[in-house]
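Fold and geometry: a report
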Amino acid sequence: MSNPDSLKFSAENFDAIDQIVNKYNSDKGAAIMILQQVQATYGYIGQSMLERISQLTGIPTSELFSIVTFYSQFRLEPLGENFIQVCHGTACHLAGAERISEAVQHVTEAKPGHTSPDGKFTLEHVACLGCCSHGPIMTLNNETFARMTPEKVKKMLKQKVEDKGFVEQSQSQSRLTEGRELSE
Amino acid sequence: MNEHANSTSANTSGVTTVVNVGLASCGIAAGAQKVYDTFKTALEGLAVELTFSGCMGMCYNEPLVEVRSLNGGRYIYGKVQPEQVARIVHEHIQGGTPIMDWVVYSDRIKTPDADFIDKQQRIILKHCGVVNPENIDSYLSVGGYKAIEKALKSMTPEQVIEEISRSGLRGRGGAGFPTGTKWSFARKSPGREKYVICNADEGDPGAFMDRSVLESNPHSVLEGMLIAGYAMGAENGYIYIRAEYPLAIKRLKIAIAQALEKGYLGSHILDSNFSFNIMIREGAGAFVCGEETALIASVEGKRGMPRIRPPFPAQSGVWGKPTSINNVETFANVPWIILNGGDSFSRFGTENSKGTKVFALAGSIARGGLVEVPMGITINEIVYDVGGGLSSGRKLKAVQTGGPSGGCIPASLADTQVDYDSLKKIGAIMGSGGMLIMDDSTCMVDVAKFFLKFTKSESCGKCTFCRVGTKQLLKILERITNGEGRDGDIELLEELGQKISAGALCGLGQTVPNPVLTTIKYFRHEYEAHIFDKACPAKKCKALISYQVLADACKGCGRCSRECPTGAITGEKKMPFTINQEMCARCGLCISVCKFNAITVTTGKERGEVKGV
Ligand SMILES: Cc1cc2nc3c(=O)[nH]c(=O)nc-3n(C[C@H](O)[C@H](O)[C@H](O)COP(=O)(O)O)c2cc1C
Ligand code: SF4
Ligand code: SF4
Ligand code: SF4
Ligand code: FES
Ligand code: FES
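Here the structure is a predicted model, which means the values were calculated and not measured.

**Side note on the overall build of chain B**
- Counting its regular elements, chain B contains 24 helices and 18 strands.
- Against the 2.2 N^0.38 benchmark of 25 Å for 613 residues, chain B shows a C-alpha radius of gyration of 27 Å, consistent with a compact globule.
- Judged by the C-alpha coordinates and their principal axes, chain B covers about 85 × 65 × 40 Å.
- Within the span of chain B, comprising 613 residues, buried residues form 62% of the whole.
- Here the analysis covers contacts within chain B between residues at least 6 apart in sequence; of these, 71% occur between residues at least 24 apart.

**Points about the pattern of salt bridges**
Residue and element names in this part refer to chain B.
- Per the stated rule, a full pass over the model turns up 29 salt bridges over all chains.
- One salt bridge connects Glu 526 with Lys 397, and the closest N-O pair in it is separated by 2.6 Å. One end of the pair, Glu 526, is in helix H21 (residues 514-532); the other, Lys 397, is in strand S12 (residues 396-401), with 129 residues separating them in the sequence.
- By relative accessible area, which is 13% here, Lys 397 ends up buried.
- In this structure, a network of salt bridges that share partners links the residues Glu 491, Glu 494, Arg 524 and Glu 528.

**Describing unusual backbone geometry**
- Pro136(A) follows Gly135(A) through a cis peptide bond whose omega is -5 degrees.
- Structurally, Pro136(A) can be placed in the loop between strand S3 (121-126) and strand S4 (138-140).
- Although it is not a glycine, Lys79(B) sits at a positive phi angle of roughly 45 degrees.
- Among the secondary structure elements, Lys79(B) is positioned in the loop between strand S4 (73-77) and helix H3 (82-94).
- Given the relative accessible area of 47%, Lys79(B) is considered partly exposed.
- Residues other than glycine seldom take positive phi values, yet Trp319(B) does so here, at roughly 55 degrees.

**Side note on the site of ligand 2**
- Near ligand 2, the surroundings consist of 13 residues, among which Cys460(B), Lys462(B), Cys463(B), Cys466(B) and Cys506(B) are the closest.
- Grouping the constituent residues of the shell around ligand 2 by class yields 9 nonpolar, 3 polar and 1 charged.

**Focus: the pairing of strand S7 (residues 236-241) of chain B**
All names here are of chain B.
- The buried count for S7 comes to 5 of 6 residues, which makes it a mostly enclosed element.
- Pairing geometry for strand S6 (residues 195-200) and S7, over 6 bridges, is parallel. Bridging from a neighbouring strand, Tyr 195 pairs with Asn 236 of S7.
- The pairing of S7 with strand S8 (residues 277-282) spans 6 bridges and is parallel. Across the sheet, Ile 241 pairs through a bridge with Glu 282, a residue of S8.

**Some thoughts on the sheet that holds strand S14 (residues 434-439) of chain B**
All names here are of chain B.
- Here we have 5 strands laid out as an open sheet, ordered S11-S10-S14-S12-S13, and mixed in their pairing. Strands at the two margins of the open sheet, each flanked by one partner only, are strand S11 (369-374) and strand S13 (407-410). Taken over all neighbouring pairs, the strand axes of this sheet differ in orientation by 30 degrees on average, direction set aside.
- Relative to S14, S12 is paired through 5 bridges, and the arrangement is antiparallel.

**Details of the site of ligand 4**
- Taken together, the neighbourhood of ligand 4 is formed by Cys554(B), Lys555(B), Gly556(B), Cys557(B), Gly558(B), Arg559(B), Cys560(B), Phe577(B), Cys594(B), Phe596(B), Ala598(B) and Ile599(B).
- Taken together, the residues that form the shell around ligand 4 break down as 8 nonpolar, 2 polar and 2 charged.

**Quick notes on the interface of chain A and chain B**
- Taken together, the contact between chain A and chain B spans 42 residues of the former and 57 residues of the latter.
- Between chain A and chain B, the buried area comes to about 4,000 Å², and carbon and sulfur atoms account for 57% of it.
- Applying the counting rule to chain A against chain B returns 2 salt bridges.
- Put simply, Lys542(B) and Glu102(A) hold a salt bridge, and the shortest N to O gap is 2.7 Å.
- Elements supplying a minimum of two residues to the side of chain A that touches chain B: helix H3 (31-42), helix H5 (61-70), helix H6 (90-94), helix H7 (97-108), helix H8 (150-162) and helix H10 (174-183) of chain A.

**Considering the confidence of the model for chain B**
- For chain B, the average pLDDT comes to 94, and 97% of its residues sit at 70 or higher.
- In this model, residues 1-12 of chain B is a region of pLDDT below 50 whose contacts with residues beyond four sequence positions or in other chains number 30 contacts.

**Quick notes on the environment of Leu265(B)**
Residues and elements named next belong to chain B.
- Within the secondary structure, Leu 265 sits in the loop between helix H11 (246-262) and S8.
- By relative accessible area, which is 5% here, Leu 265 ends up buried.
- Spatially, the C-alpha atom of Leu 265 lies 33 Å from that of Leu 64, the residues being 201 residues apart in sequence.
- In this view, Leu 265 contacts Leu 226, Ile 256, Ala 259, Leu 260, Phe 276 and Ile 278; residues no more than four positions away in its chain are not counted.

**Things to note about the nonpolar core**
- Within the largest apolar cluster, 80 residues are counted, with the highest numbers of intra-cluster contacts made by Tyr145(B), Val160(B), Trp183(B), Ile239(B), Ile241(B) and Phe276(B).
- If you tally residues by element for this core, the top one is helix H10 (residues 218-232) of chain B, at 9 residues.
- Ignoring anything within four residues of it in the chain, the contact list for Ile239(B) reads Cys198(B), Ala200(B), Leu222(B), Met225(B), Leu252(B), Ile278(B), Met279(B), Ile280(B) and Arg281(B).
- Of all hydrophobic cores here, the second largest spans 67 residues; its members include Leu35(A), Ile53(A), Ile59(A) and Cys506(B).

What counts and what doesn't
- Residues numbered from 1 in each chain as written.
- Chains lettered and ligands numbered in written order.
- Predicted model: local features only at pLDDT ≥ 70, side-chain atom pairs only at ≥ 80, totals over all residues.
- Heavy atoms only, no water.
- Helix = DSSP H or I, 4+ residues; strand = E, 2+ residues; numbered from the N terminus.
- Rg over C-alpha atoms; globule rule 2.2 N^0.38 Å.
- Buried < 20%, exposed > 50% of the residue type's maximum accessible area, 1.4 Å probe, protein only.
- Contact = heavy atoms within 4.5 Å.
- Salt bridge = Lys/Arg side-chain N within 4 Å of Asp/Glu carboxyl O.
- Near = heavy atom within 4 Å.
- Nonpolar A, V, L, I, M, F, W, Y, C, P; charged D, E, K, R; others polar.
- Pairing = 2+ DSSP bridges.
- Axes fitted to C-alpha atoms, helices over the stretch in contact; angles between N-to-C directions.
- Buried area = accessible area lost by both parts, 1.4 Å probe.
- pLDDT = per-residue confidence, 0-100.
- Core = buried A, V, L, I, M, F, W, Y, C linked by side-chain atoms within 4.5 Å.

Here it is as structure tokens:
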């Protein structure tokens, strides 16, 4: 799952989708679970993937699309090499999350909810990661960082900006992937 | 982490000391996993059991490590760094002398932080931070699954419901509906197929009670669900949990697998006629899915849109079957009530709010973390006695409870009792347990705007008033904080707020105006300052402030100029620098890097003068 090659060929390679649908389709109301697993595998959900899922499950593409757009977890664009989440929950907001997010945008040129033009960074705003007493909270490729400051952001990301980024690619499939892998 | 899951079994083999590292996700963020790994190496070959638990509650002191000796008491070390491990092993574990400078809590002596624990009343959290959440034996060793055993062997379902009703337990998810009544509705609903749902969506952005309970003692929640299932005649349960909590999900899955293996889940539990299964459904990032009818739609794999009630879930819930939805903490109370009796439970709390409540204390509080207090305690007691006062050394301004559906309680009302009715009376709500402490550097208009921004983007869009009204409210708040507020805006906010509440289908829309209405009620002068004086008294709203170099204090070191992301600061070495107001993005970086306190923020009149120079 974490082989970078599988990402590259993701658009053409639907084997994993077939497996996921096989595994969950017998459950009643599995659409969201299937979409979550597909995103965990490919890093995002593209139009052709929706069509494939639709073929296999019989759920109309339009319905799948309406689910994907309703829930903020789903990404329609591929993930960058590095995945950054900045918490914008109440505690982190009071602790200065805005400044953290600005600093990230400044260094990476990624807009919230999007990937930077060079494909290196995806920035996501999230509402509370549950570590509220340590805010502002930010995650970078799976790892959670507490008590962030704009200076720390600059230091952490500068290095990645200069990196080729190949090492990170395998880790960049978000913490969700990890949660699942570990637990199954 | 699974490999350590059986480590408590070492208890039987002559081990007299246990080292317990708090590995909840907040602890891990603070570096606790490294500490655990360091202990693992350092303890090799010693007759010491290394284990881990979830949340010990003292988030502000993480990473936390407890050293427990069978004869030598309990000592909790705070802010433990890997470098300190060797000394703890050498002096305390091997030498028998705890390092008191590092100990934050002990049952042997009173530490300065002792009140944080001692002023609490722990029922739900009693075993959080104590048991190993990935090991069912650990839960069993503290009386786990004894409550379901008691219910199955000596109580009828009606008696279980009766006991829960007698306890006075009300739902901890926000609305405070009596749990016993809810169960009896579901029991009385016709049909054989029924469902129990655990609401672990924890939507309040700034709260982490449910996460902590699930990461620290997942079996207690499973046991509560089992008892609910038995009481209402359901054989299936769902846990709907937000995807942002991967560790809680992982530990729940482990707990379910272990409970199945030991026969506490599955068919014919404890050789009875009762069978029960639990499935996990992960949320996908929609706040409205915490609302019960939306949650049901989401469990069914659809868009999470609320629907009109009735029918209530107790009549027609998931798959059209009778369903009872309760919050994580509500379930976690249940085993205790069954074991100790409803009367023991109702001894805690007030007339109409029984038992205890868990709060996630965060914001400008000295001791931020997870606390469980008896209902009826005052906000002041939570902030000062338990929480140790404000972290910033500044003055308390307000306490926010209930998240986006809740209200801001001003410091002047901090002697209010924490119970469902008292909080409601002052315009706030109990909520699910988020409690944010705000000091006088917080702008209340900004807080209202923050919540509106959140709820606006989370409105599902079904009702016009909620969809359009939240947009409208946010627009007005934005113009106020941008310095473009108009006379009459405050009244407009109030009027619009009332209309949205009245015209909304679900709780989201009905409570959307609360943060706005309570901040207007208690901090009207701040709104007025923004509108009429173009001033942000807390100096937070960017459009209303300026950064300025104090020529007298500036040493001309140039540091701010190097750090400024927009190149707004210029000057000559050793001479006072200046900030170009047009270029300044008001990020505040310069203030944090200046070592000479030579940069200041101005607002309102003061600022006009600066700009005029
Ligand atoms: C918009 C909205 C969000 C909600 N979010 C949650 C939540 O995250 N967790 C929760 O337990 N209840 C939440 N609730 C309340 C639930 O609808 C429901 O009342 C509760 O889960 C019932 O459990 P209880 O009786 O044990 O409190 C929410 C309600 C609304 C209207
Ligand atoms: S009140 Fe808002 S969130 Fe609730 S159903 Fe109506 S539009 Fe949706
Ligand atoms: S507030 Fe930010 S942009 Fe403005 S002068 Fe200071 S560092 Fe530069
Ligand atoms: S950092 Fe402070 S002292 Fe140095 S030039 Fe800037 S304002 Fe002056
Ligand atoms: S508000 Fe950021 S972790 Fe909770
Ligand atoms: S110690 Fe951090 S949540 Fe409890």
